[in-house]
Amino acid sequence: MLEVSDLTVSIDGLTIVRRLQFSLERGKTLCLVGESGCGKSMTALALMGLLPENARVEGGEVRLNGASLTKMSERELCAVRGKHLGMIFQEPMTCLNPVLTIGRQITEAVLQHEKISSNAAREKAVALLTSVGFPAPAERLGDYPHQLSGGLRQRVMIAMALACSPEFLIADEPTTALDVTIQGQILALLKKLAKERDMGLVLITHDIGVVSDMADQIAVMYAGEIVEQAPRDDFFARPLHPYAQGLLACLPDIERIEHRKRLPTIPGTVPPPAARGTGCLFRDRCVRSQPCCSLPVPFHDAGEGHIVFCHLY
């Protein structure tokens, strides 16, 4: 199990992620959803122990199969990354090394964690690329990232992340900058691989359509906090937090298109980290805001694994 307890992350002293808490079992998919800037990618980097130099974990803990990742040294984390916990980064063109071949980059992960020969690592790289639908992998191990399309680069990233069969995989916006057809192929591939390998998947996205297709559990983030978490079907049947309700209301549907109705919007903008303070961070944008919303937000258990942080309950 991957467990996150009260995780708080700051950048240059400003809190970016606050009191994050969720857990995930192998074979399940958790979709972490929210608009740009809400702290999703920073959460992923914190889970992997890859925060930038000006960021730090201020509190809380990340545990993998009972072992605390937040208390590990860099050397201990290197033994965990790739082998037990993998990650697909948001933009493959900036994450792949431009001066190393894709074969070299895939075999590097294999040789780091497994005691096998270079030839065996090369064979495994070919098998990995085959498993992610990469065409003619044996002939293209010598290619560089700039020689590949966006979809093929993303398949290389997936192959690298799966090289040592991790128990959990974090995918940070894995379909960014890809066209719709390729997006569907990549998501279908992730779903298939997670099922075949009994792998836990943390999928970070802002696309509600992706969430409805991929998730077992959904966690909605706003301004660095989780405001609602629920099983997929229950979430879409009865969203409880006003922000989650607003997100779903903004989705286009056939009726609106046929009657040329204007799409609803959520007024205002996300408060910057320096202005967040205490209380509900959504209160200035919420049409149901009450004076009590400036107080610390209570936790409400709505049953069936559905929880919401809101004064309205």
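Our structure is the block above this text.
Now for a look at the structure at hand. (Residues numbered from 1 in each chain as written. Predicted model: local features only at pLDDT ≥ 70, side-chain atom pairs only at ≥ 80, totals over all residues. Heavy atoms only, no water.)

**Re the layout of surface pockets**
What counts here: Here a cavity means grid points, on a 1 Å grid over the protein atoms only, where a 1.4 Å probe fits yet cannot get out; a pocket means an open set of points with protein on both sides within 12 Å along at least five of seven lines; lining residues are those with an atom within 4 Å of a point. Grid points are joined across faces, edges and corners, and a volume is the space filled by probe spheres set on the points. Secondary structure elements follow DSSP: runs of H or I of four or more residues count as helices, runs of E of two or more count as strands, with numbering from the N terminus. Asp, Glu, Lys and Arg are counted as charged, while Ala, Val, Leu, Ile, Met, Phe, Trp, Tyr, Cys and Pro are counted as nonpolar; the rest, among them Gly, fall into the polar class.
Each pocket or cavity is described by its volume, and for the largest pocket that value is around 670 Å³. Along its surface, the largest pocket is lined by 32 residues, and Gln21, Phe22, Gln229, Ile307 and Phe309 are the ones closest to its centre. Where the lining of the largest pocket is concerned, the elements lending two or more residues are strand E1 (2-11), strand E2 (14-24), strand E9 (217-222), strand E10 (225-231) and strand E12 (306-309). Of the pockets and cavities examined, the second largest pocket occupies roughly 580 Å³. Taken together, 20 residues line the second largest pocket, and the ones lying closest to its centre are Arg81, Gly82, Phe89, Ala109 and Met160. Secondary structure elements with two or more residues in the lining of the second largest pocket: strand E6 (85-88), helix H4 (102-113) and helix H7 (150-161). The biggest single contributor to the lining of the second largest pocket is H4, with five residues. For the lining of the second largest pocket, the class distribution of residues is twelve nonpolar, six polar and two charged.

**Describing the nonpolar core**
We count it as follows: Nonpolar cores were defined as sets of buried Ala, Val, Leu, Ile, Met, Phe, Trp, Tyr and Cys residues, with membership established by side-chain atoms within 4.5 Å. Remark: exposure states derive from per-residue accessible area (1.4 Å probe, protein chains only) relative to the maximum for the residue type, with buried under 20%, exposed over 50%, and partly exposed in between. Here a residue-residue contact requires only that any non-hydrogen atoms of the pair lie within 4.5 Å.
Grouped together as the largest cluster of nonpolar side chains are 59 residues, with contacts concentrated most on Ile158 and Val220. If we skip the residues at most four places from it in the chain, Val220 touches Val33, Glu225, Ile226, Val227, Glu228, Phe235, Tyr243, Ala244 and Leu247.

**Quick look at empty space enclosed by the protein**
Taken as a whole and assessed by the stated rule, the structure comprises two cavities of 30 Å³ or more. Lining the largest cavity, in full, are His241, Pro242, Cys280, Phe282, Arg283, Cys286, Arg288, Ser289, Cys293, Cys310 and Leu312. Among the residues making up the lining of the largest cavity, the classes are represented as seven nonpolar, two polar and two charged. For the second largest cavity, the calculated volume is near 30 Å³. Taken together, Glu173, Pro174, Thr175, Leu187, Leu203, Ile204, Thr205 and Val210 make up the full set of residues lining the second largest cavity. The greatest single-element share of the lining of the second largest cavity, amounting to three residues, is contributed by strand E8 (residues 200-205). When the residues that make up the lining of the second largest cavity are grouped by side-chain class, the tally is five nonpolar, two polar and one charged.

**Topic: H7**
Stated formally: A helix is expected to span 1.5 Å multiplied by its residue count minus one.
In a regular helix each residue adds 1.5 Å, so twelve residues correspond to 16 Å; H7 covers 17 Å between its end C-alpha atoms and thus fits that length. Burial within H7 is extensive, with ten of its twelve residues counted as buried.

**Quick notes on the pattern of salt bridges**
Heads up, the rule is: We define a salt bridge as a side-chain nitrogen of Lys or Arg found within 4 Å of a carboxyl oxygen belonging to Asp or Glu.
Counted according to the given criterion, the structure contains 13 salt bridges. Among the ionic pairs, Asp213 bridges to Lys191, the shortest N-O distance being 3.6 Å. One end of the pair, Asp213, is in helix H9 (residues 208-214); the other, Lys191, is in helix H8 (residues 180-197), with 22 residues separating them in the sequence. Overall, the relative accessible area of 40% leaves Lys191 in the partly exposed class. Between Lys192 and Glu196 there is a salt bridge, and its shortest N-O distance comes to 3.2 Å. Highlighted residues: Lys192 and Glu196, both in helix H8, separated by four residues, approximately one helical turn. Overall, Glu196 belongs to the exposed group, its relative accessible area being 54%. Where salt bridges share partners, they join Arg18, Arg19 and Glu225 into one cluster.

**Points about unusual backbone geometry**
With a phi angle near 50 degrees, Asp12 is a residue other than glycine that sits in the positive phi range. Among the structural elements, Asp12 can be located in the loop between E1 and E2. Even without a glycine there, the phi angle at Asp198 is positive, about 50 degrees. Topologically, Asp198 is positioned in the loop between H8 and E8.

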